[in-house]
Structures are given as C-alpha cells and as structure tokens.
Amino acid sequence: MFLDEPSVAMDVDARNSLWKAIRDLKEQGTAIVLTTHYLEEADALADEIVVLKQGQIIQRGTSEQIKAGVSTTTIKFVTPDTAENFAAMTGVTDVSNSGKFTSIQTDDVNQTLLVLLTAHPDLQDLTVSQAGLERAF
C-alpha cells in the first residue's frame, strides 16, 4: 500500500504533526531529504525542490523560482454569466467553469481585475491566487 491511497491517507492532524516535526528538525540545522508526490507539502517545507521525470532532473530551485516560470494568476468567482463573456478581457489567457465557479487565468491580474469588477460589480465569492507548484509542472 502507498501513503497516497485513500485507505491509508494521513489525517489532517497527523500531517500537521509531521510537518511540525520536519520544521523543528530544519530549525535545528538538520539536513532533510523528503520525497513526495504531494506538491503542497513540497511547497510548504522545502528550501529546494528537485523534480524528477524518469530518473532525470527536469527542474530544480526554490518553490518561488519554479513558480516564477508560470506568470498566470487565477481569478475565481460565482456569476450567472457564461465563461465566453470573460474570454476577451485584458490579460485573459483561459476561462473555464467548474460547478458554480468561473475561473479566469490571466497574465495581467491588475488590469483583468479592473475590467472584471467594473463590468461585473456583482460577482460573488471572488478569490485571486498565484500559480502553485502543480500549475508550474
């Protein structure tokens, strides 16, 4: 069995305890090599990330360095409008719907938000997030 299989997945408290133990060891100056498929874990804990594909290093650097290679930001919100109404906005590179949410990928977040909120001031549940490690890969 593998740890990422649902039947043996780590609960939230156990994961937080493990992450605290790793951080404590780092603070004491202990070098740690952590292997994981869980990118949130790598993002939260690693000073340096090495990404392997078929035994070859394909990316190496800090989380920030790797994420900097992806210049898009996600703007997510609830609206009765269809995704097509947002595709032509400044900076928009992709628009998608998932359930009740519309998501916009933009490479010019400030201009996209200005146009978006001016044209659609009634949006609900608006969030803005930078690309994470998963998107960078």
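These lines cover the structure that appears in this document, whether it is placed above or below. Per chain, the residues get numbers from 1 upward, laid out in the order the sequence is written. A pLDDT threshold of at least 70 governs which residues receive local features in this predicted model, and a stricter bar of 80 or more applies before side-chain atom pairs are shown or counted, although totals over entire chains, interfaces and linings include all residues. As a rule here, side-chain values come from all non-hydrogen atoms in the structure, and water together with hydrogens is ignored.

Next up on the list: the nonpolar core. To qualify as a nonpolar core, a set must consist of buried Ala, Val, Leu, Ile, Met, Phe, Trp, Tyr and Cys residues joined through side-chain atoms within 4.5 Å. Exposed residues in this analysis have more than 50% of their type's maximum accessible area, buried residues have under 20%, and partly exposed residues fall in between, with area computed by a 1.4 Å probe over protein chains only. Membership of the largest hydrophobic core is limited to 11 residues, which are Ile75, Phe77, Ala83, Phe86, Met89, Val92, Val95, Ile104, Leu113, Leu116 and Leu123. The next biggest cluster of nonpolar side chains, apart from the first, holds 5 residues, and it includes Ile49, Val51, Ile66 and Leu133.

In the sections that follow, a salt bridge refers to a side-chain nitrogen of Lys or Arg positioned within 4 Å of a carboxyl oxygen of Asp or Glu. Scanning the entire structure with this criterion turns up 4 salt bridges. Measuring nitrogen to oxygen at the nearest pair gives 2.9 Å for the salt bridge that ties Lys20 to Asp24. Here Lys20 pairs with Asp24, and both are found in helix α1 (residues 12-27), just 4 residues apart, close to one helical turn. Put simply, Asp125 and Lys100 hold a salt bridge, and the shortest N to O gap is 3.9 Å. Remark: Lys100 occurs in the loop between β4 (92-98) and β5 (101-106) and Asp125 occurs in strand β6 (residues 124-130); sequence separation between them is 25 residues. Judged by relative accessible area, which is 45%, Asp125 ranks as partly exposed. Under the scheme used here, helices are H or I runs from DSSP no shorter than 4 residues and strands are E runs no shorter than 2 residues, and both carry numbers assigned from the N terminus.

What follows deals with the packing of aromatic side chains. Pairing of aromatic rings covers Phe, Tyr and the six-membered ring of Trp, with a centre-to-centre limit of 6.5 Å; geometry is then stacked below 30 degrees between planes, edge-to-face above 60, and tilted otherwise. Per the counting criterion, the structure on display carries 2 aromatic pairs. Residues Phe77 and Phe86 carry aromatic rings whose centres are separated by 5.2 Å and whose planes lie at 65 degrees to one another, so their mutual orientation is edge-to-face. We classify Phe77 as buried; its relative accessible area is 0%. Residue classification places Phe86 among the buried positions, given a relative accessible area of 0%. Directly above the ring of Trp19 sits Arg15, whose terminal nitrogen or CZ lies 5.5 Å from the centroid. Counted as over-ring charges are cases with an Arg CZ or a Lys NZ within 6 Å of the ring centre that also lie within 35 degrees of the ring normal. Directly above the aromatic system of Phe101 lies the positively charged group of Lys76, at a separation of 4.7 Å from the ring centroid.

A few words now on unusual backbone geometry. Trans peptide bonds make up the majority, and among non-glycine residues the majority have a negative phi. Even without being a glycine, Gln54 presents a positive backbone phi close to 50 degrees. Within the secondary structure, Gln54 sits in the loop between β1 (49-53) and β2 (56-61). Since its relative accessible area comes to 77%, Gln54 is described here as exposed. Even without being a glycine, Asp125 presents a positive backbone phi close to 50 degrees.

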